Amino acid sequence: MATDLIEIDADKPGMRAIERAAAVVRRGGIVAIPTDALYTLVCDPLNLHAVGRIFAAKGRREERALPLLVSDVVMAEELVREVSGRFYLLARHFWPGALTIIVPGSQRVPLKVTGNTGRLGLRQAQSKVATALLERLGQPLVSTSANLSGQPTCSSGIEVFGAMDGRLDLVLDGGRATGLGATTIDITEPYWRVIKEGAVAEKDIAEVLKGS
């Protein structure tokens, strides 16, 4: 499979490039895009063929869940089985931004996306490219780091192309993404815990959740 690469302005992405990416997602393809937390691979989470392709492209174990990008809290609410006060506190303070919140997934989300755990990571990115693509499609997107499993996340479109040529359908190259990776927090248990610390510090999360 040949991988296409399109250069874009990450701050002002052209609609032709966004529509091209949307068309790839609609037909079950995989696209790499720049975000505020480095580059990410996106696909349609409701298309199990596409989900299988993204696991294969990364060499990712299928018991590991795939996070989703959402356009806003309203879209997130449709994907969560039970929306907690903690979720609203975190989303209000850190979204859009580099915080992935693990929540109990609703029945709308295929179990394969959750790694058969029923838990789901959600994030609203501070990214013009991600926002435009989500608005164009009107649905959430799988969003997993643009890399081969075990390797560093790619920080430019050229890096993604070099590492994953032939594994993806399209790379939207918006130059270098300088942000850190996203922080991931699990709020499915009585006691919240940070799974991976990135751009959002655990002490800032603790301050927001104090007493919750």
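Thresholds, definitions, all that
Residues numbered from 1 in each chain as written. Predicted model: local features only at pLDDT ≥ 70, side-chain atom pairs only at ≥ 80, totals over all residues. Heavy atoms only, no water. Disulfide = S-S within 2.5 Å. Buried < 20%, exposed > 50% of the residue type's maximum accessible area, 1.4 Å probe, protein only. Salt bridge = Lys/Arg side-chain N within 4 Å of Asp/Glu carboxyl O. Helix = DSSP H or I, 4+ residues; strand = E, 2+ residues; numbered from the N terminus. Expected span 1.5 Å × (residues − 1). Arc of directions from axis to C-beta. Contact = heavy atoms within 4.5 Å. Axes fitted to C-alpha atoms, helices over the stretch in contact; angles between N-to-C directions. Parallel < 35°, antiparallel > 145°, perpendicular 65-115°, else oblique. Left-handed = near helix turned anticlockwise from the far one by under 90°. Pairing = 2+ DSSP bridges.

What is meant by a disulfide is a covalent connection between two cysteines, made through their sulfur atoms. Summed over the entire model, instances satisfying the criterion amount to zero disulfides. Distance from the sulfur of Cys 154, which forms no disulfide, to the nearest cysteine sulfur (Cys 43) is 17 Å. Residue classification places Cys 154 among the buried residues on the basis of a relative accessible area of 5%.

Another point: the pattern of salt bridges. By the definition in use, this model includes 10 salt bridges. Residue Glu 19 is joined to Arg 26 by a salt bridge in which the shortest nitrogen-to-oxygen separation is 2.9 Å. In this structure Glu 19 comes out as partly exposed when scored by relative accessible area, which is 24%. Overall, the relative accessible area of 47% leaves Arg 26 in the partly exposed class. Note that Lys 203 and Asp 204 form a salt bridge whose closest N and O atoms lie 3.4 Å from each other. Exposure remark for Asp 204: the relative accessible area of 34% places this residue in the partly exposed category.

What follows is about helix 1 (residues 15-26). In this model, helix 1 (12 residues) spans 16 Å end to end at C-alpha, consistent with the 16 Å of a helix rising 1.5 Å per residue. Inspection of helix 1 places Ala 17, Ile 18, Ala 21, Ala 22, Val 24 and Val 25 among the buried residues, and these make up the whole buried set. Along the axis of helix 1, the buried residues cluster in a sector spanning 160°; they form a single face. Lining the buried residues of helix 1 we find strand 1 (4-7), strand 2 (31-35), strand 3 (38-43), helix 5 (128-137), strand 7 (141-145) and strand 8 (170-173).

Turning our attention to the packing of helix 4 (residues 85-94) against helix 7 (residues 202-209). Contact geometry of helix 4 with helix 7 gives a least axis separation of 10 Å together with a crossing angle of 125°. Taken together, the axes of helix 4 and helix 7 lie oblique to each other. As helix 4 runs across helix 7, the sense of the crossing is right-handed. Each of Arg 86, Leu 89, Leu 90, His 93 and Phe 94 in helix 4 lies in contact with helix 7, whose residues at this interface are Asp 204, Ile 205, Val 208 and Leu 209.

With that out of the way, let us pick up the sheet that holds strand 3. The strand order 1-8-2-3-7-4-6-5-9-10 describes an open sheet built from 10 strands, whose pairing is mixed. Every interior strand has two partners, whereas the edge strands, strand 1 and strand 10 (193-196), have only one. Note: strand 3 against strand 7, four bridges, orientation antiparallel. Residue pairing across strands places Thr 40 opposite Ser 145, the latter belonging to strand 7. Set on the sheet, helix 1 makes contact with strand 1, strand 2, strand 3, strand 7 and strand 8; between it and strand 8 the angle comes to about 155°. On the sheet, helix 5 packs against strand 2, strand 3, strand 4 (68-69), strand 7 and strand 8 and is oriented at approximately 130° with respect to strand 2.

Across the junction of Trp 95 and Pro 96, the peptide omega takes the value -10°, indicating a cis bond. Tracing the sequence through the fold places Pro 96 in the loop between helix 4 and strand 5 (99-104). The residue Leu 38 is not glycine, and still its phi comes out positive at about 65°. Mapped onto the secondary structure, Leu 38 falls in strand 3. Positive phi outside glycine occurs at Asn 116, with the angle close to 65°. Tracing the chain through its elements places Asn 116 in the loop between strand 5 and strand 6 (119-123). Overall, the relative accessible area of 57% leaves Asn 116 in the exposed class.

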